[in-house]
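One-letter residues, chain by chain:
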Amino acid sequence: MDEHRARALVAGERRRIEAALAELAGEEQGEDASQFDQTGESAEAGAEIQHEMVHEAVASTLQIELASVVRAETRIAHGTFGLSLESGARIPDDRLEAEPLAERTVEEQSRFEQSQR
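Now for a look at the structure at hand. Note that the structure is a prediction, hence the values are computed from the model and not measured.

## Quick look at the side chain of Ser68
Moving on, step 1. Within the secondary structure, Ser68 is located in helix 2 (residues 42–78).
Moving on, step 2. At a separation of 2.9 Å, a polar atom in the side chain of Ser68 contacts the side chain of Arg71.

## A short note on the nonpolar core
Moving on, step 1. Counting 15 residues, the largest nonpolar core has Val10, Ile17, Val69 and Phe81 as its most contacted members.
Moving on, step 2. Residue assignment for this core shows that the elements contributing at least two residues are helix 1 (3–34) and helix 2.
Moving on, step 3. The contact partners of Val10, leaving out residues within four places of it in the chain, are Val69, Ala72, Glu73, Ile76, Phe81, Pro100 and Leu101.

## As for the packing of aromatic side chains
For any pair of aromatic rings, geometry is given as the distance between the ring centres together with the angle between the planes.
Moving on, step 1. The final tally for this structure, using the stated rule, is 0 aromatic pairs.
Moving on, step 2. The aromatic ring of Phe112 is capped on one face by Arg104, whose charged end is 3.8 Å from the ring centroid.

## Things to note about the pattern of salt bridges
Moving on, step 1. Within this structure, the stated rule accounts for 10 salt bridges.
Moving on, step 2. We note a salt bridge from Glu73 to Arg14, for which the minimum N-O separation is 2.8 Å. One end of the pair, Glu73, is in helix 2; the other, Arg14, is in helix 1, with 59 residues separating them in the sequence.
Moving on, step 3. Three or more residues are tied together by salt bridges with common partners; here these are Glu13, Arg16 and Glu65.

The rules behind each value
- Residues numbered from 1 in each chain as written.
- Predicted model: local features only at pLDDT ≥ 70, side-chain atom pairs only at ≥ 80, totals over all residues.
- Heavy atoms only, no water.
- Helix = DSSP H or I, 4+ residues; strand = E, 2+ residues; numbered from the N terminus.
- Polar contact = N/O pair within 3.5 Å; in protein donor to acceptor, adjacent residues only side chain to side chain.
- Core = buried A, V, L, I, M, F, W, Y, C linked by side-chain atoms within 4.5 Å.
- Buried < 20%, exposed > 50% of the residue type's maximum accessible area, 1.4 Å probe, protein only.
- Contact = heavy atoms within 4.5 Å.
- Phe/Tyr/Trp six-rings, centres within 6.5 Å; stacked < 30°, edge-to-face > 60°.
- Lys NZ or Arg CZ within 6 Å of the ring centre and 35° of its normal.
- Salt bridge = Lys/Arg side-chain N within 4 Å of Asp/Glu carboxyl O.

Distances and angles like these do not, on their own, reveal function.
What follows is the structure, encoded as structure tokens:
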């Protein structure tokens, strides 16, 4: 994959992730303002806690993805984008088109995920 295409794909991922983080931040601000309108009944409190937990999990996932973007940008700068971190093998362009932040071949990623369980 040429550097120009790699930069465009990774930049697109950065924009997607940053937009999602901004949207979450906006929702949090809106929720803080609307808390004064709540009656404080226990069912609402439980739903609020559940919503907060989901919110935090989504934000955490987005932060992990953003760290992947930074690593991809570093690999582009060093000329190693598209090479597996594990073996140095070339990651197919089809995979990078579908998953621009891929750090391993499909087979390596599968083994990596199984070892993490």
